[in-house]
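# Fold and contact review
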Amino acid sequence: MSAPVNVAIVGAGPSGCYVADALGRKLPGARIDIFDRLPTPFGLVRGGVAPDHQGTKNISRQFERTLGKDGVRFLGNVAVGRDTSYEELKAAYDVLVITIGALDDRRLGIPGENLDGVYGSGRFVAWYNGIPDGRDLEPKLDGKSVAIIGNGNVALDIARLLGKTPDELATSDLCAHARAAFAAAQVEDIWLIGRRGPLDASFTTAELAEFGELSRVATLVDATALPDTIPDGMADERKKIAARNLEVLRGYAARGDPDDRPLRVHFVFNAAPLAIQGEGRASELLLEKTRVEHGDAVSGGESFSIPADTVISAIGYRSTPFPDLPFDATRGVVANSEGRVEAGVYTAGWCKRGPQGVVPANRADALAVADLIIADLAGGQPGCKPGGAQIDSLLAQRGARPVDFAGWQNINAAEVAAGQGRPREKLVRIEELLAAANFAQR
Ligand SMILES: Cc1cc2nc3c(=O)[nH]c(=O)nc-3n(C[C@H](O)[C@H](O)[C@H](O)COP(=O)(O)OP(=O)(O)OC[C@H]3O[C@@H](n4cnc5c(N)ncnc54)[C@H](O)[C@@H]3O)c2cc1C
């Protein structure tokens, strides 16, 4: 009988869990270690997906079953680049799969980006979703006007959470510190700004339509910004979504501004940010009108400004490489060819193809990389590296404190118990998470 294949997966988000599941099925007897820098698994399902969209988070039950399988170990609170290294993992495991996602905000690259009150959506979302390194952001929400730059679902998530009343957030797992900050906020206007037109927005219709159901929100759209027809040449699937979005936006435009609503969400299309202005703190966003030519937004030559005490950019993310990881700095992804990084090393998910696609979209990627691995192993010498024990002893020597699957289950139980009617009350400090992982009853 040949020795078991030792696999390390770096990143316990959806991609890492899908890869573990696929390899567990295709390589019976494989020993699979899944590392995550956080004490908690599930990546952006826990730390990105909006806290008021609990249905989307149900997928984590499936991932939980994967982490609990025989032959699979979860090693949370182990960051590659801090507690162990790429070279150490390559030396210990026959197969290494990098699934670290994409967490760094892309920058706007305009003057004023470093003013107080300006945030990238990655940091802002990490703050309200209780990712420990985002906890202390304490974003300024004390002004009347918030500008959100970007026309994707992340921009909609942020606007919706700011627009909901405390009652409308009652069934969410929005963290206590963010609930308090949102309840105290004095925001009256939220501007959702898209560089291109309404047909180019990557909103999904359900998320766009939710604004029509929020009790204190008026949705404002300039009817003249909405095209009468959808041009030929758009792919069928895209065309369907654009038509549905257009219908929702037309409904918003027709509703006008009911003056009994204290919070207005303005959809502003064909506007590119030029500068954020203010004395130390953001106060105004300068924009330029654009028109779309051959799919690109080009200057329309006319500028205008909107008040903006807080500016949040939601224009995409880049991966954060650790030392020695082959990295494509231009695209902000792990350097790879169809998922192969170098001999024995693979990648999948957002760090492979960039920050696009919903949770299930990562499954196909994971299955494809699992097939590559199986094909490559068939031509080589499986099971010849020492495996996880070698990394365990390095971690012990360095005083690292890995959280195993039982530890995560303890954290989960502690959070759910603290929820008191909510799905959970997240623990948001590393030390609190480690205490819950290690000292709850096992
Ligand atoms: C704000 C937001 C909202 C979203 N909402 C939805 C939604 O409603 N529905 C939907 O289907 N999709 C949604 N998505 C998309 C979805 O989250 C992604 O498709 C998915 O999470 C990508 O999975 P991934 O495993 O590639 O990356 P991630 O989920 O980012 O997982 C990567 C993991 O790697 C770990 N990691 C990173 N660096 C290291 C390191 N050095 N060492 C060890 N571990 C490391 C991270 O801690 C993380 O757990 C949303 C995304 C965002 C940003």
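Every value quoted in this text rests on a predicted model; they were computed, and no experiment measured them.

With parallel pairing, the six strands of this open sheet are ordered in space as β6-β14-β7-β8-β10-β9. Looking at the sheet topology across the chains shown, the edges are occupied by β6 (118–120) and β9 (217–221). Ignoring strand direction, the axes of neighbouring strands in this sheet form an average angle of 20 degrees. As paired elements, strand β7 (residues 145–149) and strand β8 (residues 189–193) share five bridges and run parallel to each other. Pairing of I149 across the sheet is with I193, part of β8. Sitting on the sheet, helix α6 (residues 121–128) is in contact with β6 and β14 (310–313), with an inclination near 85 degrees to β6. Sheet strands in contact with helix α7 (residues 153–163) are β7, β8, β9, β10 (263–268) and β14, and its direction is about 170 degrees off that of β8.

Attention shifts here to the packing of aromatic side chains. By the definition in use, this model includes 14 aromatic pairs. On the numbers, 5.5 Å between centres and 90 degrees between planes, the contact of F42 with W408 is edge-to-face. Of this pair, F42 sits in the loop between β2 (31–35) and α2 (43–47) while W408 sits in helix α14 (residues 405–418), placing them 366 residues apart in sequence. F42 gets classed as buried once you look at its relative accessible area, which sits at 4%. Aromatic side chains Y128 and F182 sit 6.3 Å apart centroid to centroid with 65 degrees between the ring planes, which places their arrangement in the edge-to-face category. A residue pair is termed long-range when its members are at least 10 positions apart, and Y128 in helix α6 and F182 in helix α8 (residues 176–184) qualify at 54 residues. Each of the two residues, Y128 as well as F182, counts as buried. Every member of this aromatic cluster is reached through a ring pair, and the members are Y119, F124, W127, Y128 and F182.

Between two cysteines, a covalent bond joining their sulfur atoms is known as a disulfide. Throughout the structure, instances matching the rule amount to zero disulfides. Of all cysteine sulfurs, the one in C17 lies closest to C351, which takes part in no disulfide; the gap is 14 Å.

About the criteria used
Residues numbered from 1 in each chain as written. Predicted model: local features only at pLDDT ≥ 70, side-chain atom pairs only at ≥ 80, totals over all residues. Heavy atoms only, no water. Pairing = 2+ DSSP bridges. Helix = DSSP H or I, 4+ residues; strand = E, 2+ residues; numbered from the N terminus. Axes fitted to C-alpha atoms, helices over the stretch in contact; angles between N-to-C directions. Contact = heavy atoms within 4.5 Å. Phe/Tyr/Trp six-rings, centres within 6.5 Å; stacked < 30°, edge-to-face > 60°. Buried < 20%, exposed > 50% of the residue type's maximum accessible area, 1.4 Å probe, protein only. Disulfide = S-S within 2.5 Å.

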